Amino acid sequence: METFKIILLTVAVCVQVTSQESTGDSSTQIPKPNITRNPTHKVLYRTETVTLHCEVPEGASEFQYDWYKDSTNLETDHQSNVTVKEGGKYECKAKNGTSESENSDAYTLTLQDLPEARVQSEWTEAFPDEKVSLQCVIPVDENWIYKWFKGSENVVSSDERSIKDNTLTLSVKSGHEGDYACQAELKGRTVTTAKSKIHLLKVYGSKPTVVLKQDPSYPEIYTGEQVKLICSIKEETSEWQYQWQNHSVLVNNHTYTIPSATLDQNGEYTCKITRKEMTYTESTKLNISEPPRPKLSIESEWKTFYPTEKVTLKCSVDGGPNEWSYEWFKNRTQLSVDKDISFSENTLSISSAKAIHSGQYTCRGKHLTRTPVTTRQTESLQLHIYDIIRKPDITKHRWFDFFYTGEKVQLGCNMPGDGWKYDWYKDSKPLITDPTFTISPASLSDTGVYHCKAKRGDFSVDSEILRVQVQDPPQPKLSIESEWKTFYPTEKVILKCSIDGGSNEWSYEWFRNSTPISVDKDISFSGNTLSISSAKASHSGQYTCRGKHLTRTPVTTGQAEALQLHIYDNTPKPDITKHRWFDFFYTGEKVQLGCNMSGDGWKYDWYKGSKPLITDPTFNISSASLSDTGVYHCKAKRGDFSVDSETLRVQVQDLPEARVQSEWTEAFPDEKVFLQCVISVSENWIYKWFKGSENVVSSDERSIKDNTLTLSVKSGHEGDYACQAELKGRTVTTAKSKTYSLTVHGSKPTVLLKQDPPYPEIYTREQVKLICTIKEKTSKWQYQWQKHSVLVNSSTYTILNATLDQKGEYNCSIKRREMTYANSTKLNIREPPQPKLSIESEWKTFYPTEKVILKCSIDGGSNEWSYEWFRKSTPISVDEDISFSGNTLSISSAKASHSGQYTCRGKHLMRTPVTTRQAEALKLNIYVNTTKPDITKHQWFEFFTEEEVHLGCNMPGDGWEFHWYKKSKPLIAKPNYTIKSASLSDTGVYHCKAKRGDFSVDSETLQVQVEARPAAVLSLETELSDIISGNSLTLRCNISDGRQWSYAWFKNGQKLNELSHMFKVRATEETIKSEFKCKGIRTERPLYSALSEGFTANNIILKRKILLAISGCLVCCIIILIIGCLVLKFTRKPGKKETIQDDLFFSMADSKNQTASPLEEYMDNSPTEMEECEEKEELLTDHVSAVDEDDVIKDEDSPAAEANGLTSFKGL
């Protein structure tokens, strides 16, 4: 069809040329113009700017042009070109002076809406590290360039995001969540689609939330029950596979069912979810237990009951009592309903308790819904019911035995046990319900008999009766607060108003001669007393009083009986007398003086000179002294009133001094102690002894004879002793002697045994002393040490050089007169401890320059010892490599010379000369040279990309850590370094470093070479017949590395069953649109090649058919043109030579938009010489030959530009 169109076009050109030649220059009419456009694409879009050209055949530059759109003049600047942005019907017209052409044919310009981009993907949600693909789909098949957007951000390729063609691939991270849109731009044109509608991609947290559910959801499953474990994902997601695991049991389902639970099915269950490469797990614990054990309780505040009371027992099961029914037992026998016993849900009720209901009660539960679950029986509960009923206690308020009218009365009622309420009664009349009954205010009518009734539930008991007495307030009594009833002027008088039962509870009012008394300069009130500070005769008269209760208001007494008060007019002097026996007294004798004043209530003050002494009717100097000699007088006083006597002289002489004498200052019980009382003046003395202030008299334990006190010592005898002498026949007694202190120790002396030094164990060859002392401060004791038959009469037992046979028990005896006591101690003697020598590292052999630490350990305190070190039995001293610290020996940089047998011993820092034996020898081995770590590579010498590379590092000995490096870059710290999938960037030099402690050694370097896999090249091997027929295509896969290969073929990513290097494809609609790839495979390394580039046969067949058709057409055209040129050569008139157009042929797309034939235009401007035709012929012939020789034409090899499916040869 295409060939036929070209022939018709050629004929039309020839006719046009002939027509123009025949007409020549006979007319100057402007030809009808034609409209062309730029760009010339088949489809134009509204966003593009279009230029329309108005072209006049044989046009000249002096033309002006008018433009019309939809018959409306556009009012342009009359240029041949016009730029438009809207569709419509356009016309143009050329003008030159008064001449103008007719309007061109209407040119319909159609601008289409831009196609809509759309994001297409099965992914709407993902988790980190999953791979998500989004495709940008446009319904119009054009040469689009795609752009991607996340929100307003432009998406570019990176490690996490890859864009290929119209596909965006995400290696999902948390930041990838968002709204994605795409946009397409036509290559080589300014046509860009609008952004697509957004495609929301939700990225969840670090991993899916695996939700494990238990059905039923009880926190504990009882044995025998069915349970299901259900695994789901919280997020809205899909396409996951589920697997349950418990120990070795696997269930490929999201539900794990246990039909009948047992205790051994208790434990952890794990659910694993998988989607593509992603796998996550979550575990839950299934708790299976025996049914709960119920608890039995009494449903009341009280635990013991009286006959006829109601009793309620409650059977409780933790976790939901309403889920159970209950069975009841008494003394192991199941109970049933009777006249007293009834059941309701989880309670047992005894309506009227009896003693026979006492006993051991239990219950058990049966689950109402979770059959056949039955609990065990509860622990038994003892129910006690009394045989008899006791009465409640009734009490009266503790304040009063009786109450005054107007007062508050409070009664109390109490019954043993809990939960009681109390009703009150007077006689049989009910009062109130309360634990207490209060009467306020009381009246005489409240006197009566009261009782209370204790009630709890339906049970009640009456108390005993209690009488309440209410009476009127008491009558006060008035008295004078002195022994005397008559008074002298200026004396103080105090009257007291007394009320029986507590005078301090009242306030008082006073009256004289029936007139109320008020306070004045002489009279004052205080409490229940009236005070007259200075009596006068005018104060005489009849006095009375009455009381008003302070707290028990409004209680007021009647007035007291009247009292007569009498006061004298003047005052006499008191009489002073001396004892009649002696004219003088000895110091220590008693001197007695007397003073008297007529009347009652007098007190007498005694004075020596003007110095006050005592207040008493008599003045006694019980133990007179020289200083007591002097002039004395007395003063009679009562209250604030006083009268002085006459004066009286007393003479006193010295008494001799008594002194206690003894050799005893301390003693122990049962010892005998003698004390003597010594007086310098020999008289007929009688002796008295004192212990502290206590007079000592003879007894079984104490004996007094003459001036000697003998004590058979007891613990109570400790104290200060003194003596005193009295002249026989006189009350002359010496002063007590100075005290003599006697200390009495405990029941026996505390014998203290001390070891010096006090170590719990004495080492052999040490000196040790055993010291015997007495804790108490005492003297005159004799000491003796004894061990077996050895006696040492000293308080200290000394062992100069301890030996093992000297260990054992030692006894110390102490003796004073008849008293002997003893105590013993054990002496522990042992050999010094044996030290232990060890190396302070996990490894026992060392390399040069390594640090070595040896430790010498002694049980019981290594810090108490200094240490000596030996190598090969020779003492070791500090040098540049060896140092000592505490119990360690450090070799800072080991050498082979440091190898040998090492030992150590300890020397005690404080207990010289204690030295241990040497430790058991330890052999230290240090290599002469330091070997390098062995670095090993997998047995393959060279690696291909995607292969796994294993490198190993090893060093003889223990305790090594291995660090890997690529050149100087650190990698990992492991004995082995693995490259899971090698790439070309993994090529390099590797080494490892062995480290332990501060020591490290580098290995040799190792070269790792990674090569790219051989490339597979897919090419089209199609015969001419196949191209013409279009029935099949033949593909070839080739790897040119000299190895023997088999081949694998893939269609749209699916492997095909074909191993040959040639693959023939039947040209169906499906296969033409499919993408084919291939790769090489073999049984030796490399096992496979790289995958070839994809091949799609969609356009190849069509292109080849078009090219063959064009070739045929061109041959025909050349022949016609040659004939035409020959005709023109002989018939054309000579004319002006014109320039040849660049493009001889035109595209089919251009022909659709032109009314004037390009060949016609060519004929109008054709050269007059035949050489021009010959040049064109030669040019076209060369290109036709090139087309015939090329079996496979690739887009990138052709210099022609493709436009709307046809080829332009412009530029050939």
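Here, the structure is the one placed above.
Residues numbered from 1 in each chain as written. Predicted model: local features only at pLDDT ≥ 70, side-chain atom pairs only at ≥ 80, totals over all residues. Heavy atoms only, no water.

Peer 1: What should I look at first to understand the side chain of His717 in this one?
Peer 2: Structurally, His717 can be placed in the loop between strand 72 (708-712) and strand 73 (719-727). Classification of His717 by relative accessible area gives buried; the value is 3%. For His717, the residues in contact, after removing those within four places along its chain, are Lys691, Glu701, Arg702, Leu711, Ser712, Leu742 and Val744. (Helix = DSSP H or I, 4+ residues; strand = E, 2+ residues; numbered from the N terminus. Buried < 20%, exposed > 50% of the residue type's maximum accessible area, 1.4 Å probe, protein only. Contact = heavy atoms within 4.5 Å.)

Peer 1: So what exactly am I meant to see when it comes to the state of the cysteines here?
Peer 2: Disulfide: a covalent bond formed between the sulfur atoms of two cysteine residues. In total, this model carries 12 disulfides according to the counting rule given. Note that Cys136 is cross-linked by a disulfide to Cys182, the S-S spacing being 2.0 Å. Between Cys136 and Cys182, the S-S dihedral sits near 75°, and the bridge is therefore right-handed. On the criterion of sequence distance, the pair formed by Cys136 in strand 13 (residues 131-137) and Cys182 in strand 18 (residues 178-186) is long-range, its members being 46 residues apart. The residues Cys136 and Cys182 share a single accessibility class, namely buried. Here Cys772 pairs with Cys812 through a disulfide, and the sulfurs are 1.9 Å apart. Given an S-S torsion of about -90°, the disulfide between Cys772 and Cys812 has left-handed geometry. Taken together, the residues Cys772 in strand 77 (residues 768-774) and Cys812 in strand 81 (residues 808-816) connect sequence positions 40 residues apart. Each member of the pair, Cys772 as well as Cys812, is classed as buried. As a non-bridged cysteine, Cys1113 has Cys1117 as the owner of its nearest cysteine sulfur, 6.4 Å distant. The structure places no disulfide on Cys1116, whose sulfur is separated from the nearest cysteine sulfur, that of Cys1113, by 6.6 Å. (Disulfide = S-S within 2.5 Å.)

Peer 1: Just checking my understanding: could you explain unusual backbone geometry for this structure?
Peer 2: As a rule of thumb, non-glycine residues mostly have phi less than zero, and peptide bonds are mostly trans rather than cis. Cis rather than trans, the peptide bond between Asn38 and Pro39 has omega equal to 10°. Tracing the sequence through the fold places Pro39 in the loop between strand 1 (34-38) and strand 2 (44-45). The residue after Ser440, namely Pro441, is reached through a cis peptide bond having omega -5°. Looking at the secondary structure, you find Pro441 in the loop between strand 43 (436-439) and strand 44 (448-456). Non-glycine residue Glu345 carries a positive phi angle of around 55°. Secondary-structure assignment places Glu345 in the loop between strand 34 (341-344) and strand 35 (347-350). Its identity is not glycine, yet Ser873 carries a phi of approximately 70°, on the positive side.

The quantities given are spatial measurements derived from coordinates; they are silent on function.
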